[in-house]
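One-letter residues, chain by chain:
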Amino acid sequence: MPDDLPAIELVHATKRYGDTVALDDVSMRIAPGEFYCLLGPSGCGKTTTLNLIGGFVPLTSGELRIEGQQVNDLPPHKRNVNTVFQNYALFPHMSVARNVAFGLEMDGVKGPEVERRVDEYLELVGLLALKDRLPQQLSGGQQQRVALARALVKRPAVLLLDEPLGALDLKLRKQMQVELARIHRQVRTTFVFVTHDQGEALSMATRIAVMDAGRIAQEGTPQEIYYQPADRFVADFIGESNFVAGRPSQGTDGPVLELASGERVALPAATASLATGEEATVMVRPECVDVGLEPPPGPGWAVIRGRAIGVSFLGDLTRVTVVTAAGEVVASRPHAERSRAAALGSLLDEEVSVWWSTAESIVIRQG
Amino acid sequence: MAKPMDRLETMPVSRRSRATRNAFRAWSLVVFAFLYVPIAFLVLFSFEDSRTPGLPFTGFTLDWYTSLPENSQLIGAVANSIVIAIIVAAVATLVGTMAAFPLVRGGIRWPNAARVAFTMPIMLPGILIGVGLVVFLAGTLDIQLSQLTVIAGHLVLTMPFVILIVAARLQGFDRRLEWAAADLGAGPATVIRRIVLPLIAPAILAAALISITLSIDEFVVTFFTVGSQLTLPIYIYTQIKFGVTPEVNAVATLVMVGTILALGLITLVATRGRRAGRAVVRRVRGGR
Ligand SMILES: Nc1ncnc2c1ncn2[C@@H]1O[C@H](COP(=O)(O)OP(=O)(O)OP(=O)(O)O)[C@@H](O)[C@H]1O
Ligand SMILES: [Mg+2]
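Here the residue numbers are simple positions, counted from 1 along each chain's written sequence. Just so you know, chain letters begin at A and ligand numbers begin at 1, following the order they were written in. Confidence filtering applies because this is a predicted model: local features only for residues at pLDDT of at least 70, side-chain atom pairs given and counted only at 80 or more, and all residues used for totals across whole chains, interfaces and linings. Only hydrogens and water are set aside; all other atoms, that is, all heavy atoms of the structure, feed into the side-chain values.

**Thoughts on the packing of helix 2 (residues 96-106) of chain A against helix 8 (residues 188-217) of chain B**
Between helix 2 of chain A and helix 8 of chain B, the shortest axis-to-axis distance is 13 Å and the interhelical angle comes to 155 degrees. By the criterion of interaxial angle, the relationship of helix 2 of chain A to helix 8 of chain B is roughly antiparallel. Judged by the twist between their axes, the crossing of helix 2 of chain A over helix 8 of chain B is right-handed. Contact with helix 2 of chain A, carried on its side by Phe102, Glu105 and Met106 of chain A, involves Thr190, Arg194 and Ile195 of chain B of helix 8 of chain B and no other residues of that element. Note that Gly is not counted as nonpolar here; it falls among the polar residues with everything else outside the nonpolar set of Ala, Val, Leu, Ile, Met, Phe, Trp, Tyr, Cys and Pro and the charged set of Asp, Glu, Lys and Arg. Partitioning the contact of helix 2 of chain A with helix 8 of chain B into residue classes produces 3 nonpolar, 1 polar and 2 charged. Every axis corresponds to a line fitted to the C-alpha atoms, with the helix fit spanning only the stretch in contact, and the corresponding angles, defined between N-to-C directions, vary from 0 to 180 degrees. A run of H or I in DSSP counts as a helix once it spans at least four residues, and a run of E counts as a strand once it spans at least two, with each numbered from the N terminus. An angle below 35 degrees is read as roughly parallel, one above 145 as roughly antiparallel, one from 65 to 115 as roughly perpendicular, and any other as oblique. Helix crossings get a hand from a simple test, with the near helix turned counterclockwise from the far one by less than a right angle marking a left-handed crossing and a clockwise turn marking a right-handed one. By the convention used here, residues are in contact when the closest approach between their heavy atoms is within 4.5 Å.

What follows is the structure, encoded as structure tokens:
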């Protein structure tokens, strides 16, 4: 298989259920070995996308290719793709080992070879000791790992995972995230991973597709998605964001954003080409924003005056909410030392400034 | 394993509601007596020494049981009933199970209407079904009444139960198990054989056992469709025309015991079937 052939390719794929458009003219290319995350709010079409790739529901229009081959009409059992279902879907009448062996038996693998590979993959997910248990005798996390082993043992070209960690508690979830990342590195299969947990997507994916109402709002690496959101929806959905709206114009030291109050906030130099007079929105992440009684002197900072209306101490950091002419701006400050927490605490109800390096400002489309 | 639920403390009650409660309790005992005292006498008299059963009890004997095998008419009727019941159960289970799939899985028009139509015979009076069958089979098609017509009549009665039981099980069946099997490379036939059938097997077995019980007990429909043959209920009926005999009591007692055993088995299969089945599997595996 040449490496430039995408493992999965959707071309103008549309899926309708009656009047509902679950997937609306979506195109994506997933390269071999990727850890590709589908991220989006409930009902945006994530599961539908996986079900199309897995072959459980037919496309309404468009094309699906797996390793370059058009498979629109291929039934699931003939696709070189395996799925870890959201509810695990383990066969309740079969032991762990029998569950994992099922796919191999379907491939016509015989006797000792089956046992050998079942053991190998149960070892990989750390469940060899429990191979004779029934699924209902396992914890949620263990069941999830069985589902993983059952899909992986077939060594599919592509592994589809539908919110596999959704049912787990936070601790187990973190543990499984690490484990999944390790398994991905080890087996080098293409993973298509569905989640609506942005932290999960950011920490594990090589690439993320943020979906919204059956479309892909943005596709990119975690850093691109986080630091260069394509539109307001993505910026809002991924992480926390401050939005500052105003009219761009030319200031003495470069481009500025003029707020409704007449305040002028410096913009990055690269945005000089913004049409003046038209409304524009700038996004900045709370952790990039600093807050204090007086702003730092000198150019290169975007500064807005306001009043601190909320200070919450969160242990490792403090969040300060400031009301400005451009709306609320949240600054999220880590405490390198403990006196810093006290200093931030004393800002409550004071007239303060918030500021950030203009390099952290991202001009975004409304959306 | 689930722990037995802790017994809930009852709420404090006023004297009056305690009295009401006791009255209801007494009433339920009366109802139970009404249901079971006749049967108790039936069993009791099957051990009665005297040829004419009645109080007072004159002496204990097993003669009526030990002499049953010599009664060739009775043995013939029992054999008939069993053969009919087994064929009825086999056909009803097979056809009923197949019918349950489209009812639950769709692919047919008006599934709700179809379901009502399929299960209607449960609600219809047996005498209506009996007359209908005679009119249709003997009157219209001119078929000689025989065991075959009895089987046809019993199928009308038992099939709806099979459909109901299997459909209920299919209703709760997680389709994603089938998706998962297909995903792992199983074709449609393999999915049915390896995943669906094993998981609905307890329901199918329960349906078969219920069919057997219903068929063996059925009198009305059999009476209309049986022709010159005898089945067990028909035999008992013919005997009773000449007054209740101790033989009939003994046969009836045996039928009752058989029915209770079958019902117990059904309950066991339906509730514990999977667990028990697994225990057996484990034991067999462990023994290897
Ligand atoms: N079988 C179906 N029949 C009709 N509509 C459906 C069906 N399956 C999904 N939909 C619709 O398609 C849209 C996308 O559903 P999908 O299951 O893909 O969402 P999702 O992104 O997986 O959401 P979630 O995060 O809640 O799982 C939804 O509006 C849903 O109502
Ligand atoms: Mg979903």
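**Some words on the interface of chain A and chain B**
Taken together, the 25 residues of chain A in the interface contact 22 residues of chain B. The junction of chain A with chain B conceals about 2100 Å² of combined surface from both sides, 64% of it contributed by carbon and sulfur atoms. A simple way to read buried area is as the amount of 1.4 Å-probe accessible surface that goes missing from two parts once joined, with both sides added. The largest contributions to the chain A side of the interface with chain B come from His77, His93 and Met106 of chain A, which together make up 25% of the buried area. Every case where a carboxyl oxygen of Asp or Glu lies within 4 Å of a side-chain nitrogen of Lys or Arg is listed as a salt bridge. Taken together, the links from chain A to chain B amount to 1 salt bridge. Whenever two N or O atoms come within 3.5 Å, that pair is a polar contact, provided that in protein one can donate a hydrogen and the other can accept it, and provided that, for residues adjacent in sequence, both atoms are side-chain atoms. Across the chain A-chain B interface, the total number found is 7 residue pairs in polar contact (both at pLDDT 80 or more). Broken down by secondary-structure element, the contributors of at least two residues to the side of chain A that touches chain B are strand 6 (81-84) and helix 2 of chain A. Residue contributions to the side of chain A that touches chain B peak at 5 residues, all from helix 2 of chain A. In terms of residue class, the side of chain A that touches chain B is built from 12 nonpolar, 9 polar and 4 charged.

**Things to note about the packing of aromatic side chains**
Stacked, edge-to-face and tilted are the three classes for Phe, Tyr and Trp ring pairs, Trp counted by its six-membered ring, which pair at centre distances within 6.5 Å; planes under 30 degrees apart are stacked, over 60 edge-to-face, the rest tilted. The tally for this structure, following the rule as stated, stands at 14 aromatic pairs over all chains. Here the aromatic residues Phe219, Phe223, Phe224 and Tyr237 of chain B are joined through ring pairs into a cluster of three or more. Just above the ring of Tyr17 of chain A sits the side chain of Lys15 of chain A; from NZ or CZ to the centre is 5.0 Å. Only Lys NZ and Arg CZ are tested; either one counts as a charge over a ring when it is within 6 Å of the ring centre and within 35 degrees of the ring normal. We note Arg285 of chain A situated over the ring of Tyr226 of chain A; from NZ or CZ to the ring centre the distance is 4.0 Å.

**So, helix 2 of chain A**
Within helix 2 of chain A, 8 of the 11 residues are buried, which leaves the element mostly enclosed by the surrounding structure. Three exposure classes are used, based on accessible area relative to the maximum for each residue type with a 1.4 Å probe and protein chains only: buried under 20%, partly exposed in between, and exposed over 50%. Among the residues of helix 2 of chain A, those classed as buried are Val96, Ala97, Asn99, Val100, Ala101, Phe102, Gly103 and Leu104 of chain A. Those residues of helix 2 of chain A that are buried lie in contact with helix 3 (111-124) and helix 4 (140-152) of chain A together with helix 7 (175-183) and helix 8 of chain B. In the stretch just after helix 2 of chain A, Gly108 of chain A is the one whose phi turns positive, near 80 degrees.

**Regarding unusual backbone geometry**
Residues and elements named next belong to chain A. Of note, Ala89 is a non-glycine position whose phi angle comes to about 50 degrees, a positive value. Examined against the element boundaries, Ala89 turns out to sit in the loop between strand 6 and helix 2. You can call Ala89 buried: its relative accessible area is 3%.

**Brief notes about a nonpolar patch on the surface**
Residue and element names in this part refer to chain B. Together, Val116, Met120, Met123, Leu124, Ile127, Leu128, Val131, Val135 and Val220 make up an exposed nonpolar region whose accessible area comes to about 770 Å². The set of elements that each furnish at least two residues to the nonpolar patch consists of helix 4 (111-123) and helix 5 (126-140). The dominant element in the nonpolar patch, judged by the number of residues it contributes, is helix 5, at 4 residues. Mapping Leu124 onto the fold places it in the loop between helix 4 and helix 5. Patch membership needs two things, relative accessible area over 30% and no salt bridge, and members are linked within 9 Å if like-charged or within 5 Å if nonpolar (Val, Leu, Ile, Met, Phe, Trp, Tyr). For every accessible area listed, the method is Shrake-Rupley and the probe measures 1.4 Å; residues are considered covered only by the protein chains on display.

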